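Remarks on the overall topology
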Amino acid sequence: MRHALQLWITGLGLIVKRFALHESHFSAAAVRPACTAWQSALSHSECWRRHISRMVTTEYVLPEQWSEDLKDENGEPMSKSEFKRRQKAQRVAAEKAEKEAAKAAAAAAAPPKPAKEDGPALEDDSNEITDPTAYFENRVRYINAKKAKGVNPYPHKFHVSMSLPDYIAKYGSLEPGQQETETTVSVAGRIFSKRASGSKLLFYDLKADGVKIQIMADARNSELSLEAFTAVHNECKRGDIVGVEGFPGKSKKGELSIFPRKFMLLSPCLHMPPSAHFGLKDQETRYRQRYLDLIVNSDVRNIFHTRSRIIQFVRRFLDTRGFLEVETPMMNMIPGGAAARPFITHHNDLDMKLYMRIAPELFLKMLVIGGLERVYEIGRQFRNEGIDLTHNPEFTTCEFYQAYADYKDLLDMTETMISQMVLEIKGSYKIQYHPEGPEKPAIEIDFTPPWRRISMVSGLEECLDIKLPTDLESEEARQLLVELCIKHNVNCPPPQTTARLLDKLVGEFLEEQCVNPTFICDHPQLMSPLAKWHRELPGMTERFELFVNKREVCNAYTELNDPIKQRELFQDQAKAKSAGDDEAMFIDENFCTALEYGLPPTGGWGLGVDRMTMLLTDTCNIKEVLLFPAMKPEEAVSKKEGDS
Amino acid sequence: MLSSKNLLDPSQRLRRMRPEHRSVSTRAIKTADKADVQAGPGVDGPKKQGAKKSDNKIAQSASSPEEIRDIRLKKAESLRAQGQEPYAYGFDRTHFTKNLQDLYVSLANGAEDETGAVVAVAGRVVAKRVMGKLAFLSLRDDKGQIQLYVDRNRLDEAQPEGFNTVKGLVDVGDVVGCSGTIKRTEKGELSVVATELKVLTKSLLPLPDKWHGLSDVEKRYRQRYLDLIMTAEVRDTFRARSRIVSTLRRQLEDRGFIEVETPVLESIAGGADARPFRTFHNSLGRDLTLRIATELHLKRLVVGGFERVFELGRVFRNEGLSSRHNPEFTSVEIYQAYADYNDMMSLTEDLIRACAQEVRGSQQVSYQGVSIDFSQPFRRVTMAELVRESTGIDFEAAMASARRTADSGAGASAALEETRAAAEAVLMAHPDKDVRKCTAKVRSAPSLGHLLNEMFEAVGEAGLVQPTFVLEHPVEISPLAKLHRSKPGVTERFELFIYGREHANAFSELTDPVDQRARFEEQVARHNSVFQEKQKAKLEAKAAGQDVPSQDEEDEYEVALDTDFITALEYGMPPTGGLGIGVDRLVMLLTDSPSIRDVIAFPTMN
């Protein structure tokens, strides 16, 4: 079968190039490691299926444009995503072929390297094995051979005297050609490229901590004989982790380098690394194998540094204001503090059903009752919901509670915190953001305080030029909202409760206005069962949500601390739940009891850390800001593709 | 001032109240001061003197919580009727009580603050006495405590009927806000002389009568908020916890580590040997497990080029509860490229010393009456040495002998069986029943490595009171640790023991993907074969008509191999040292708490 396919490919000229990429998968199909090949987003069986199908109609050529009635080589309709995938594969293969042709031409033009009489020549990237499976097998053979000789290919320790950023800071200002031969430094990192120059000199690019220096390995500086030097360096390939001890200096061209006296392979990369040119762009592979993404795409690393800085900023902001960081349970008997579908698990020993938390709110308020007047928790929440551009089943929030503060205090605090955060991390109140991805136009978001504040119901009334009934709980009000939704073509799936109808209309008409940071305030009580009734606006609560780029980033309120009122509102939620709103809140009797011991007047606040990170890293998919986002099982993905 | 340790219980408080028609005189004030000092929070146990009947118009004494709740609801209504919302919206506090105590530390007894500056404080009323035209309230906030000195004339001047409100409608347990000037009473009690006093939150339930020595200790954990209100040590413990966590973070960040977040929900639970929690994701239609460790994800990040990472967060193990185990607990896992287990030992010492210094201000701490010394380099001793010390059994020799026979092609089991017999003999002769119980595990140990570990757990651990690094665990029980660079059969691993408890676990990380795959496969095969045997035995028992407890089926679980992790290793992980520290246990140690439940705000309860 395999031979047949190769014959077929060989006979096809252009199509060979087009499918060169798949050819390598195919030949690897029987071998496990191919599933980890750099560009592979397909399972083996899928590769098989595609190749076999292509064998049937060899003259199939992909058209330039996709159309509804497009058929594949088997006469089956082709989905747009399949078309795009093939188009991309075709483009990549063409580029690769072009590059190889150029390389071959260059090699033919260049004078032949002088043959070495004393042993093998130095090898570099140019004579790399190109087949991923053969590559992997070759490297496994290499480490096994070392082990057989009693040499550990994975040394236990290499002393690093200096990080690469420190190295650059210290020696970056050397003059071209200058060398500090009396200094000894040891550094380590991953090899990104390897070029031989003659029989005694090699250039490597070494990367660590997101920066790069050059290794100029000259046999004359090495402690080893030329033969041993050649052997050591011929073992080292692109992608390997190496340790280098040597002296700092710059090449004549001015490139900051380290000149090794010792060179040690610390951890071989068994797989062929992605080429510097093509990189790793496939999103599925990037998320599933984040370690590859981090190795190849240096900006990804910065996203997670920014994320870490955001969290540090929030911690510092709250710590300096006397807040105490605490940890409350992630598994509870009752999932409270928000309206969402929870994950359910089971404790074997106690034979007890437990829910993963959907919010830490109720526990944090209990700590305020206990006398910890300013508490916060930064941590994971879990919601058993679908996965999309802004939702992951687990996500990170910061919630804080401050006794004796109200939502007005929190409005000011939010402006201060977020605007200072943006200024510190981005260097300006104004940021560029690509709401539809890097290819589409950018917008500017201006965090300069103060921010606009819209009172929800009056804002909606103004926007729709209507007047809502004072009693929002009435059936009349609900009917009016149903009609408004119909009139404005706003879809509200059942159950069409007042709260849900309002939420949809607000989403359509108010949130849409909130590109620059905007507070939507004073939510009706029926949308906010944990917030305190408004001291001036009947039927409303003292609550606000902060929207940026039309997305909710913060949610805060003066906490409802009247236990009688809280119980009533929980009862309403229970009614909504039995009426079919499965996102209505659970009643937490323990929490109600705690309230009866007295919760001081308290302001409570929540921030979506992932969404904030998306804004400050200019990303529009939550998966970009999560190191290991939740993914569909791979079988399901390939099955779906197979179906299409 | 007495240290605030314990709240008054309300019954005592009632008995201490004075008749209301008592004339105000200097003497009365002095008496009040005296009574106040005696009655102030910080006094443990009941007070015998001063028992008088309540002055409250709405009687409180001898009522059930339900009756008190009704009475207080009526008081809330009375407040509303007066135009005062019993659940206020906020309060502009100018000072924490602690600030005032510091600010006026030199104010003489009997002196008033001459500036007449008006301050505003807020907090919970933890004691109250009314004496004629005077009332004394003890107010506690986040940082400390102060007396509210309520003089009818002064208060009513600015807030008509204010004094009657205080007298009749404010209960111990209420949250109040108070403005006024500062004076220190003759007895030396710093006080706010109230010119305005408002109920901010009306409490409906009375604070418990007896908290200390409560027979139902579980109530403390179930109603942690009450525990916090009633007990200063509990508040201190959670403040210390926060400082320990923040010290760990600061120490690591100062060393260039970056904090990351890896998934809690995973398809395969790895990185430890423990039964995971399972859950189901509806929209993916997929079973997930809760992480039992953060190790495998963090190591992927080291592969990705984050050379120094840590994660401080929750992990979950589906196991029973004990004084050292909660199903969810907090760990910090730390990975440092180009470091090994020796480096991790230094890091461990540094981190623990920094935390001890932060919360105890000393390198000598007392835990459950035992003095623990962190100032000296922690003892380092191999597991085999410890077992030889306490049992005379030489596992190194046994392992060497097993290797020789294995090399010569003869069965390696002779050394195992010989050592097992010796181990059983030692355990059976042991005076401690719990140690003798370990014989069963010794009997079923499948290898010398497992046997050594069982013996260590049976006789070695408990004696390690001072900080001790136990080194070089057998490879069979350390599937993620690198083989020792010079000693066969053991790994570059350590566990830190203090007070007989494991506090940290670390290794030179295994970076060889071929070795890693082999060890995982061996581990998975062994685990699942035991699982399947039990399943089979159960089925047979069922077939034979015997009763099989259904609970048993859930006792067992299968494990799977994380091939993606091995793939990550195949891309090359630098030599790396990894370290895990149990945060809860560290907090227990440094706050002198006997149970893990004392350091988890809301522990899992049956």
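Numbering of residues begins from 1 in every chain and follows the order in which that chain's sequence is written. To read the labels, note that chains go from A and ligands from 1, taken in the order they are written. In keeping with the model being predicted, local features are shown solely for residues with a pLDDT of at least 70 and side-chain atom pairs are shown and tallied solely at 80 or more, while totals for entire chains, interfaces and linings include all residues. Water and hydrogen atoms were dropped before computing side-chain values, which therefore reflect all heavy atoms in the structure.

All names here are of chain B. A 1.4 Å probe rolled over the protein chains alone gives each residue an accessible area, and that area as a share of the maximum for its type sets the label: buried under 20%, exposed over 50%, partly exposed in between. A run of H or I in DSSP counts as a helix once it spans at least four residues, and a run of E counts as a strand once it spans at least two, with each numbered from the N terminus. Here strand β2 (residues 134–140) lies mainly inside the structure; seven of its seven residues are buried. Going residue by residue along β2, you find L134, F136, S138 and R140 tucked away on one face and A135, L137 and L139 tucked away on the opposite face as well. Strand direction decides the pairing type here: strand β1 (residues 119–131) and β2, joined by seven bridges, are antiparallel. Across the sheet, the residue bridging to R129 is F136, located in β2. Only when DSSP finds a minimum of two bridges between them are two strands counted as paired. Remark: two residues form the turn of the hairpin made by β1 and β2, two consecutive strands paired antiparallel; G132 in that turn has positive phi of roughly 65 degrees. Adjacent in sequence and paired antiparallel, β2 and strand β3 (residues 145–151) are bridged by four residues.

We now examine the nonpolar core. Here, nonpolar core means buried Ala, Val, Leu, Ile, Met, Phe, Trp, Tyr and Cys residues that are tied together by side-chain atoms lying within 4.5 Å of each other. Of all hydrophobic cores here, the largest spans 70 residues; its most connected members are L367(A), L100(B), L137(B), L148(B), V150(B), V192(B) and L197(B). It is helix α12 (residues 361–369) of chain A that contributes the most residues to this core, seven residues altogether. Any pair of residues with heavy atoms lying within 4.5 Å of one another is described as a contacting pair. For L197(B), the residues in contact, after removing those within four places along its chain, are L137(B), L148(B), V150(B), L155(B), Q159(B), V166(B), V176(B), G177(B) and C178(B).

This brings us to the packing of aromatic side chains. The way to describe two aromatic rings as a pair is by their centre distance and the angle between their planes. Two rings belonging to Phe, Tyr or Trp (six-membered ring only in the last case) form a pair when the distance between their centres is within 6.5 Å. Interplanar angles under 30 degrees mark stacking, angles over 60 mark edge-to-face geometry, and anything in between is tilted. Applying the stated criterion across every chain, the model contains 21 aromatic pairs over all chains. When the ring of Y597(A) is compared with that of Y225(B), the centres are 5.8 Å apart and the planes differ by 50 degrees; the resulting orientation is tilted. Of this pair, Y597(A) sits in the loop between α18 (589–596) and β18 (602–608) while Y225(B) sits in helix α8 (residues 224–230), each in a different chain. Summarising the burial analysis for this pair, Y597(A) and Y225(B) share the class buried. Where F456(B) meets F497(B), the ring centres are 5.3 Å apart and the plane angle is 80 degrees; that geometry is what we call edge-to-face. Of the two residues, F456(B) sits in helix α17 (residues 448–460) while F497(B) sits in strand β16 (residues 493–498), which places them 41 residues apart along the sequence. What makes F456(B) buried here is its relative accessible area of 0%. Accessibility expressed as a relative area gives 1% for F497(B), which makes it buried.

A few words now on the sheet that holds β2(B). All names here are of chain B. Read once around its circumference, the closed barrel built from five strands follows the order β1-β2-β3-β5-β4, with strand pairing classed as mixed. Neighbour-to-neighbour, the strand axes of this sheet turn through a mean angle of 50 degrees, independent of strand direction. Pairing of β1 with strand β4 (residues 175–184) involves six bridges; the strand directions are antiparallel. By the bridge assignment for β4, V119 is matched with G180. Interaxial angles span 0 to 180 degrees and are taken between N-to-C directions of axes, which are lines fitted to C-alpha atoms, for helices over the stretch in contact.

Within the secondary structure layout, I68(B) lies in helix α3 (residues 65–81). A residue is classified by how much of its surface remains accessible, and I68(B), at 9% relative accessible area, is buried.

With 110 residues of chain A at the contact, the number on the chain B side is 110 residues. Here chain A meets chain B over a buried area of about 9,000 Å², counting both sides, of which 56% is carbon and sulfur. Any carboxyl oxygen of Asp or Glu that lies within 4 Å of a side-chain nitrogen of Lys or Arg is treated as forming a salt bridge with it. One can count 13 salt bridges joining chain A with chain B. As used in this structure description, the phrase polar contact means that two N or O atoms lie within 3.5 Å; if the pair is within protein, one of them must be able to donate a hydrogen and the other to accept it, and residues adjacent in sequence are counted only when both atoms belong to side chains. Counting across the chain A and chain B interface gives 56 residue pairs in polar contact (both at pLDDT 80 or more). Residues that form the side of chain A that touches chain B fall into these classes: 54 nonpolar, 27 polar and 29 charged. Computed with a 1.4 Å rolling probe, the buried area is the accessible surface lost when two parts are put together, summed over both parts. Residues were grouped as follows: Ala, Val, Leu, Ile, Met, Phe, Trp, Tyr, Cys and Pro as nonpolar; Asp, Glu, Lys and Arg as charged; and all remaining residues, including Gly, as polar.

Turning next to the packing of helix α12 (residues 383–391) of chain B against α17(B). Two quantities define a packed helix pair, namely the angle between the axes and the distance from one axis to the other. Residues and elements named next belong to chain B. Between α12 and α17, the shortest axis-to-axis distance is 10 Å and the interhelical angle comes to 55 degrees. Taken as axis vectors, α12 and α17 run oblique relative to one another. As α12 packs across α17, the resulting crossing turns out to be left-handed. Each of M383, A384, L386, V387, S390 and T391 in α12 lies in contact with α17, whose residues at this interface are L452, N453, M455, F456 and V459. Grouping the amino acids of the contact of α12 with α17 by side-chain chemistry returns eight nonpolar, three polar and no charged. Under this scheme an angle from 65 to 115 degrees is roughly perpendicular, one under 35 degrees roughly parallel, and one over 145 degrees roughly antiparallel; angles in between are oblique. A clockwise turn of the near helix away from the far one marks a right-handed crossing, whereas an anticlockwise turn of less than a right angle marks a left-handed crossing.

Moving on: the pattern of salt bridges. Under the counting rule described, the total for this entry stands at 84 salt bridges over all chains. The partner of K550(A) in a salt bridge is E512(A), and the shortest N-O contact between them spans 3.4 Å. With K550(A) in the loop between β16 (543–548) and β17 (551–558) and E512(A) in the loop between α16 (498–509) and β15 (518–521), this residue pair connects regions lying 38 residues apart in the sequence. For R443(B), the salt bridge identified is with E424(B), shortest N-O distance 3.2 Å. Separated by 19 residues along the polypeptide, R443(B) in helix α16 (residues 439–444) and E424(B) in helix α14 (residues 413–428) bring together distant segments of the chain.

Here we come to the confidence of the model for chain B. Residues and elements named next belong to chain B. On average, residues of chain B score 86 in pLDDT, and 86% of them are at 70 or above. Scored below 50 in pLDDT, residues 550–555 shows eleven contacts in the model against residues more than four places distant or in partner chains. Interface confidence for the predicted complex, given as ipTM, is 0.87, next to a pTM of 0.84. A score from 0 to 100, pLDDT tells how confident the predictor is in each residue.

Put simply, the grid is 1 Å and covers the protein atoms alone, a cavity is a trapped set of points that fit a 1.4 Å probe, a pocket is an open set with protein on both sides within 12 Å along at least five of seven lines, and lining residues have an atom within 4 Å of a point. Grid points are joined across faces, edges and corners, and a volume is the space filled by probe spheres set on the points. With the rule as written, the count across this model stands at ten cavities of 30 Å³ or more. Taken as a whole, the largest cavity holds about 150 Å³ of empty space. For the largest cavity, the lining is made up of 17 residues, of which G370(A), G371(A), E373(A), R124(B) and R140(B) are closest to its centre. Looking at the lining of the largest cavity, the elements with two or more residues in it are α12 of chain A together with β1, α8 and α9 (232–254) of chain B. Here the lining of the largest cavity is built from residues that sort into seven nonpolar, three polar and seven charged.

Further remarks concern the UniProt feature "domain: Aminoacyl-transfer RNA synthetases class-II family profile" (unreviewed entry) in chain A. UniProt positions are given in the numbering used here, feature names are shortened, and annotations may be inferred rather than shown by experiment. Mapped onto this numbering, the UniProt entry gives "domain: Aminoacyl-transfer RNA synthetases class-II family profile" (unreviewed entry) at residues 304–633 of chain A. The annotated region residues 304–633 of chain A carries 34% helix and 21% strand content, and the separation between its end C-alpha atoms amounts to 24 Å.

With that settled, consider the side chain of D124(A). Residue and element names in this part refer to chain A. Within the secondary structure layout, D124 lies in the loop between α5 (80–109) and α6 (132–148). In terms of polar contacts, D124 uses its side chain to reach the backbone amide nitrogen of A196, at 2.7 Å. Setting aside residues up to four positions removed in sequence, D124 forms contacts with K194, R195 and A196.

Next up on the list: α16(A). Residue and element names in this part refer to chain A. Any helix carries an expected span of 1.5 Å times its number of residues minus one. In this model α16 runs 16 Å from its N-terminal to its C-terminal C-alpha over twelve residues, within 8% of the 16 Å that 1.5 Å per residue would give. Within the sequence span of α16, burial applies to T498, R500, L501, L502, L505, V506 and F509. Elements in contact with the buried residues of α16: α14 (456–464), α15 (475–487) and β15.

This next bit is on the environment of S251(A). Residue and element names in this part refer to chain A. With respect to the helices, strands and loops of the structure, S251 is situated in the loop between β4 (241–250) and β5 (256–267). For S251, a relative accessible area of 9% puts it in the buried group. Each C-alpha atom of the pair S251 and G177 lies 5.0 Å from the other, and the pair is 74 residues apart in sequence. Those residues in contact with S251 that sit more than four places away from it in its chain are P176, G177, Q214, M216 and S257.

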